[in-house]
Each structure stands twice: as structure tokens, then as C-alpha cells.
Amino acid sequence: KELQAQTGPVLLAYKQNVLIKKILDENKKGDPVYSVIGPDSSTHNIWVMEDKVEIDKIVSEINSLGELYIADGHHRSAAASRICEEINLKENNNNKNNHNFFLSVAFPHSEMTILDYNRIITGLNDYKPEELINEINKNFVVKKVINECKPHQKNEFGMFLDNAWYQLNLRENLNINNDPVASLDVAILHDLIISPLLGIDDERRDKRINFVGGARGLKELEKRVKNDAYDIAFSLFPTPIESLFKVADADRVMPPKSTWFEPKLLDGLISHVIS
């Protein structure tokens, strides 16, 4: 609002489309207008489409998709919507005005990577480590492991507690229904451990819980528990993007910090002026 511009794009995903890929591949044969290396060493190449026929083709195809899914940037798109409403209350609205649109970048789901979004928690809710493990064992098969535990499948979790790693596998006899939200690993972890055992009901607001993106590795979880004011960490299997689609198609909301998406376009590389 202060800058009269949007500098951070909303990250969108769409189901793989052959024609869109073909059009984009044709337009990427020349040299990019920008080639920028980000702080994480990722390369960002940008081409400009100027052929009106090609632009009309891709716009038509995107419109035919039916849905674009917000992968990252819910707050940015909501903020853009509120700014749009504010401006429209003050002046006559014209659907072509820049404030009616927000900056976004869209990737086909086959080209997106979802990383795990792990949890670190302060306090054990008055449980001793062995007591907590006994409680967890009622719903999970708990196995102590030598090295850090990186889950390799759904319903598998890693836990770092009392300077040791454990592998947790959801017991097969538990009746986890096919609800698109309740069946997510982040929801299972919350519903069976974080809320009932550790006493954290609202992961969005409770100061006892924090989140660590999978790009930082499991050593970061160990480091935070050993050196910071955290007592336990959980590693998760990445949420499949198909699960995100199912939740959105059911008009439901993903639990907080369910996904960590790559790639992310650098903020400020492209700006959308709304004035």
C-alpha cells in the first residue's frame, strides 16, 4: 500500500498441461532477458512473451484450466484483495486498473518440489521423555534409531527427543479416514501427539511451537533442540501436491505450515505497480 506496488509474487500451481508446456518451451529458445543467481545459488531466468498470438493462446489455455492453486502466498493474495477493495471504495472501479490484479508466478505441478515442513516444540507438557514415548506408543510403533530419521513414506515420522532419534510409524489398526485434511501427515501428528499429548491446540498462535523448512535439513532440528529452548522435534514426509489439490477441491483449508515449496521466484525481481 505504501509503495503502491507488489514486489513478491504469489506462487501458483496448475495441473500439467501439454499445450502450455509447448508454448513456453518455444518461447524459451532464445536468450532470457534476465538471468539472476539468488542467495541460495538458484538461477532465475526470465523470458518475455511479445507475440500477441502466442500470448492469446496461453491466456486461453490457462483460462480453460478451471483452477489455479495457491501454493505459497495466501497472505499476499488476501492483502492484494483488501487493497483492491479499499481503492475501489474511493474511486470508480475499472476492471482494467492495475490494482484489480496481483503479481503471480505459476508452475505445472510436475515441475514443483514440496519439501517437508518440520516441527520443534518447547516443553513436554509435564511428561518425562520415557512417559511421553509410552503414550506415543499407543498409536505409533516407536523404534529408536542410530542416525537422524528422515521419513520415506506417508504415516512415518521422525522424532528427536532426549538426545536420541526415533522412528514413528502409525499403527495399521488405527482408523484414519479418507478425509482430505484429517488424513494428512501434519494433521495426524497434530491430532495424535501435538494436541493431546503436548497440549498445543493452535499451531498458528502457540509460541511453544516453531517450524523448520526441509531445505535446512534434519541436522538443523538437532541443533535447535540441543542449543535453543526446544525439547522435542518432529520430521515429516513431504505432503504430496495431489493432496493439496484434493483439499482445495473440497473447499477445505490446509493445516498451518503443511508444505514448503520450491522453486520460489525472488522477491523484487519483478514488480507489479498498482497505482
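Residues numbered from 1 in each chain as written. Predicted model: local features only at pLDDT ≥ 70, side-chain atom pairs only at ≥ 80, totals over all residues. Heavy atoms only, no water.

Caption draft 1: Structural detail: empty space enclosed by the protein. Per the counting criterion, the structure on display carries one cavity of 30 Å³ or more. One number sums up the size of the largest cavity: a volume of about 30 Å³. Around the largest cavity sit Leu 115, Asp 116, Tyr 117, Asp 185, Val 186, Leu 236, Phe 237, Pro 238, Thr 239 and Ser 258, which together line it. Looking at the lining of the largest cavity residue by residue, the class counts come to six nonpolar, two polar and two charged. (1 Å grid on protein atoms, 1.4 Å probe; cavity = no way out; pocket = protein on both sides within 12 Å on 5 of 7 lines; lining within 4 Å. Points joined across faces, edges and corners; volume = space filled by probe spheres on them. Nonpolar A, V, L, I, M, F, W, Y, C, P; charged D, E, K, R; others polar.)

Caption draft 2: Here's a closer look at unusual backbone geometry. Unusually for a residue other than glycine, Asn 125 sits at a positive phi of about 55 degrees. A residue is classified by how much of its surface remains accessible, and Asn 125, at 36% relative accessible area, is partly exposed. (Buried < 20%, exposed > 50% of the residue type's maximum accessible area, 1.4 Å probe, protein only.)

Caption draft 3: Focus on the sheet that holds strand S10 (residues 156-161). The strand order across the open sheet formed by six strands is S9-S11-S10-S13-S8-S12, and the pairing between neighbours is antiparallel. This sheet does not close on itself; its edge strands, each paired only once, are strand S9 (140-145) and strand S12 (209-213). Pairwise comparison of adjacent strand axes, ignoring direction, gives a mean angle of 25 degrees for this sheet. Pairing of S10 with strand S13 (residues 232-236) involves five bridges; the strand directions are antiparallel. Residue pairing across strands places Met 159 opposite Phe 234, the latter belonging to S13. The sheet strands contacting helix H4 (residues 129-136) are S9, S10, strand S11 (164-170) and S13, and the helix crosses S10 at an angle near 170 degrees. Across the face of the sheet, helix H5 (residues 185-194) comes into contact with strand S8 (117-121), S9, S10, S11, S12 and S13 while running at roughly 150 degrees to S13. (Pairing = 2+ DSSP bridges. Helix = DSSP H or I, 4+ residues; strand = E, 2+ residues; numbered from the N terminus. Axes fitted to C-alpha atoms, helices over the stretch in contact; angles between N-to-C directions. Contact = heavy atoms within 4.5 Å.)

Caption draft 4: Inspection of the pattern of salt bridges at higher detail. In total, this model carries 19 salt bridges according to the counting rule given. Between Lys 21 and Asp 25 there is a salt bridge whose closest N-O contact spans 2.8 Å. Taken together, the positions of Lys 21 and Asp 25, both in helix H1 (residues 18-27) and four residues apart, correspond to about one turn of that helix. The partly exposed category is assigned to Asp 25, whose relative accessible area is 33%. A salt bridge links Glu 222 to Lys 226; the nearest nitrogen and oxygen atoms lie 3.3 Å apart. Within this pair, Glu 222 and its partner Lys 226 are both found in helix H6 (residues 218-227), separated by four residues, close to a single helical turn. (Salt bridge = Lys/Arg side-chain N within 4 Å of Asp/Glu carboxyl O.)

Caption draft 5: Quick look at the sheet that holds strand S2 (residues 10-14). Within the open sheet, the three strands sit side by side as S5-S2-S6. Their pairing is mixed. The open sheet has two edge strands with one neighbour each: strand S5 (69-72) and strand S6 (104-108). Neighbour-to-neighbour, the strand axes of the sheet open up by a mean angle of 40 degrees, direction not taken into account. Of the strand pairs in this sheet, S2 and S5 are connected by three bridges, and their pairing is antiparallel. By the bridge assignment, Leu 12 is partnered in S5 with Ile 70. Together, S2 and S5 form the strand contacts of helix H3 (residues 74-90), whose direction differs from that of S5 by roughly 120 degrees. Contacts from helix H7 (residues 241-249) reach S2 and S5 within the one sheet, and its direction differs from that of S5 by about 130 degrees.

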